[in-house]
Amino acid sequence: RAQAALAAEPRSIPRVIALGVAQSGARQFREAIETFTRGLVIAPDDAMLYRWRGHRHLSLREFARARADLLRGYQLDSTNYGILFHLGVLDFVEGDFNGAARMFTRAQPRAPDGGELAGSTDWLWMSLARAGRSVEARAMLARRPDTLPAPPGYAYVSRLKLYRGELTPETLISASDTADVQVATLNFGLGNWHLVRGDTVRAKAAFERAVRSGGWPGFGFIAAEADL
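Residues numbered from 1 in each chain as written. Predicted model: local features only at pLDDT ≥ 70, side-chain atom pairs only at ≥ 80, totals over all residues. Heavy atoms only, no water.

*Asks:* Where do I start with the overall build of the chain in this structure?
*Replies:* What the chain contains, in helices and strands, is 13 helices and zero strands. Listing the helices and strands of the chain from first to last along the sequence gives α-α-α-α-α-α-α-α-α-α-α-α-α. Taking 228 residues into account, the globule formula puts the C-alpha radius of gyration at 17 Å, and the chain, at 18 Å, falls close to it. Each charge sign in the chain was given a centre, from 29 positive and 24 negative side chains, and these centres are 1 Å apart. (Helix = DSSP H or I, 4+ residues; strand = E, 2+ residues; numbered from the N terminus. Rg over C-alpha atoms; globule rule 2.2 N^0.38 Å. Lys, Arg positive; Asp, Glu negative; His and termini not counted. Charge placed at Lys NZ, Arg CZ, Asp CG, Glu CD.)

Structure representation (structure tokens):
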């Protein structure tokens, strides 16, 4: 349907993005990159095209290309939530935890919904904790900025409950958590929680479970790869 819609209106940037997003949903990331590149020929200064293409380069571990696209998008629109969030993930994966914290701090108040707000809050906590700024991390959680409702069973909501002591490591992952990206996301959060508490043995075990999940497009999978 997305292909047919774009064929009917080939210069429509919303339809270009819709096709690229549909391809991404089918894990056709290289095809999505080609689609967003086609869009940039039409609209070379469209920040959302750089946001989406940068995201897909990140999914494929093409970090230099991801950074180039996201930084170009940032030059065009420094308030774009997706650009800020994905720059934060990229900084985190590459070990720049202070840089990641800056990006997630800027992204957090711009989150468009409860799921994204939980995500940026989670990554901000992880970034601050990994940067050795545990006092700031705890204070941020105590303010409870993640007040918007998120989808049931959302992995970031569960991870935030772990950080706040509302879930234990044993209850973080439930029997219903079977999707590959969900398993990777939860296990990376668990491993990172162990790591910042100084337990490298349990951290490594959780990271290994994350990369055994099969959910390779997930940021938790990518971050677990980097930490391992």
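*Asks:* Where do I start with the packing of helix α6 (residues 81-93) against helix α13 (residues 219-227) in this structure?
*Replies:* Relative placement of two packed helices is described by the angle separating their axes and the distance separating the axes. Two elements in contact, α6 and α13, have axes separated by 9 Å at closest approach and are oriented at 25 degrees. Overall, the two elements α6 and α13 adopt an arrangement that is roughly parallel. The segment α6 lies against α13, with Phe-85, His-86, Val-89, Phe-92 and Val-93 engaging Phe-219, Ile-222, Ala-223 and Ala-226. When grouped by side-chain class, the residues that make up the contact of α6 with α13 number eight nonpolar, one polar and no charged. (Axes fitted to C-alpha atoms, helices over the stretch in contact; angles between N-to-C directions. Parallel < 35°, antiparallel > 145°, perpendicular 65-115°, else oblique. Contact = heavy atoms within 4.5 Å. Nonpolar A, V, L, I, M, F, W, Y, C, P; charged D, E, K, R; others polar.)

*Asks:* What exactly am I supposed to notice about the packing of aromatic side chains here?
*Replies:* For any pair of aromatic rings, the description consists of the separation of the ring centres together with the inter-plane angle of the planes. Counted under the stated rule, the structure contains 13 aromatic pairs. Ring centres of Phe-85 and Phe-219 lie 6.4 Å apart, and the angle between their planes is 45 degrees; this geometry places the pair in the tilted category. Placement of the pair is Phe-85 in helix α6 and Phe-219 in helix α13, with a sequence separation of 134 residues. Accessibility classification places Phe-85 together with Phe-219 in one group, the buried group. Ring geometry for Phe-92 and Phe-97: centres 5.0 Å apart, planes at 70 degrees, overall edge-to-face. Taken as a pair, Phe-92 and Phe-97 share a single burial class, namely buried. Each residue in the set Tyr-81, Phe-85, Phe-92, Phe-97, Phe-104, Trp-123, Phe-188, Phe-207 and Phe-219 is aromatic and connected to the rest through ring pairs, giving one cluster. (Phe/Tyr/Trp six-rings, centres within 6.5 Å; stacked < 30°, edge-to-face > 60°. Buried < 20%, exposed > 50% of the residue type's maximum accessible area, 1.4 Å probe, protein only.)

*Asks:* Help me understand the pattern of salt bridges, please; the structure alone is not making it clear to me.
*Replies:* Charged atoms that come close allow side chains of opposite charge to pair. Within this structure, the stated rule accounts for 14 salt bridges. As a salt-bridge pair, Arg-27 and Asp-180 come within 3.1 Å of each other at their nearest N and O atoms. A residue pair is termed long-range when its members are at least 10 positions apart, and Arg-27 in the loop between α2 (13-25) and α3 (29-42) and Asp-180 in helix α11 (residues 180-196) qualify at 153 residues. Residue Arg-27 is classed as partly exposed on the basis of its relative accessible area, which comes to 33%. Across the salt bridge formed by Asp-45 and Arg-72, the nearest N and O atoms sit 2.9 Å from each other. Of this pair, Asp-45 sits in the loop between α3 and α4 (47-59) while Arg-72 sits in helix α5 (residues 63-76); the two residues are 27 residues apart in sequence, bridging distant segments of the chain. Judged by its relative accessible area of 52%, Asp-45 falls in the exposed class. On the basis of relative accessibility, which here comes to 28%, the residue Arg-72 falls in the partly exposed class. It is possible to trace a salt-bridge network through shared partners that takes in Arg-67, Asp-91 and Glu-94. (Salt bridge = Lys/Arg side-chain N within 4 Å of Asp/Glu carboxyl O.)

*Asks:* Which parts of the structure should I look at to understand the nonpolar core?
*Replies:* One broad trend across soluble globular proteins is that nonpolar side chains are buried collectively. Ranked by size, the top nonpolar core spans 49 residues in total, and within it Val-89, Phe-92, Trp-123, Trp-125 and Tyr-163 carry the most contacts. Tallying contributions element by element places α6 first for this core, with nine residues. In contact with Trp-125, not counting residues within four places along its chain, are Ala-137, Met-140, Leu-141, Tyr-163, Asn-192, Trp-193 and Val-196. Listed in part, the 12 residues of the second largest apolar core include Leu-6, Ile-17, Leu-40 and Tyr-50. (Core = buried A, V, L, I, M, F, W, Y, C linked by side-chain atoms within 4.5 Å.)

*Asks:* Help me understand the side chain of Asn-192 in this model?
*Replies:* Checked against the element boundaries, Asn-192 lands in helix α11. On the accessibility criterion, Asn-192 (0% relative accessible area) is buried. Excluding residues that lie within four positions of it along the chain, Asn-192 makes contacts with Phe-92, Trp-125, Met-126, Arg-130 and Phe-207.

*Asks:* What is the right way to look at the packing of helix α7 (residues 97-107) against helix α8 (residues 114-130) in this model?
*Replies:* Orientation of α7 relative to α8, taken along the N-to-C sense of each, is 150 degrees, at an axis distance of 8 Å. Between α7 and α8, the crossing angle belongs to the class labelled roughly antiparallel. Here the hand of the crossing between α7 and α8 comes out left-handed. Of the residues in α8, those in contact with Phe-97, Ala-100, Ala-101, Phe-104 and Thr-105 of α7 are Ser-120, Trp-123, Leu-124, Ser-127, Leu-128 and Arg-130. (Left-handed = near helix turned anticlockwise from the far one by under 90°.)

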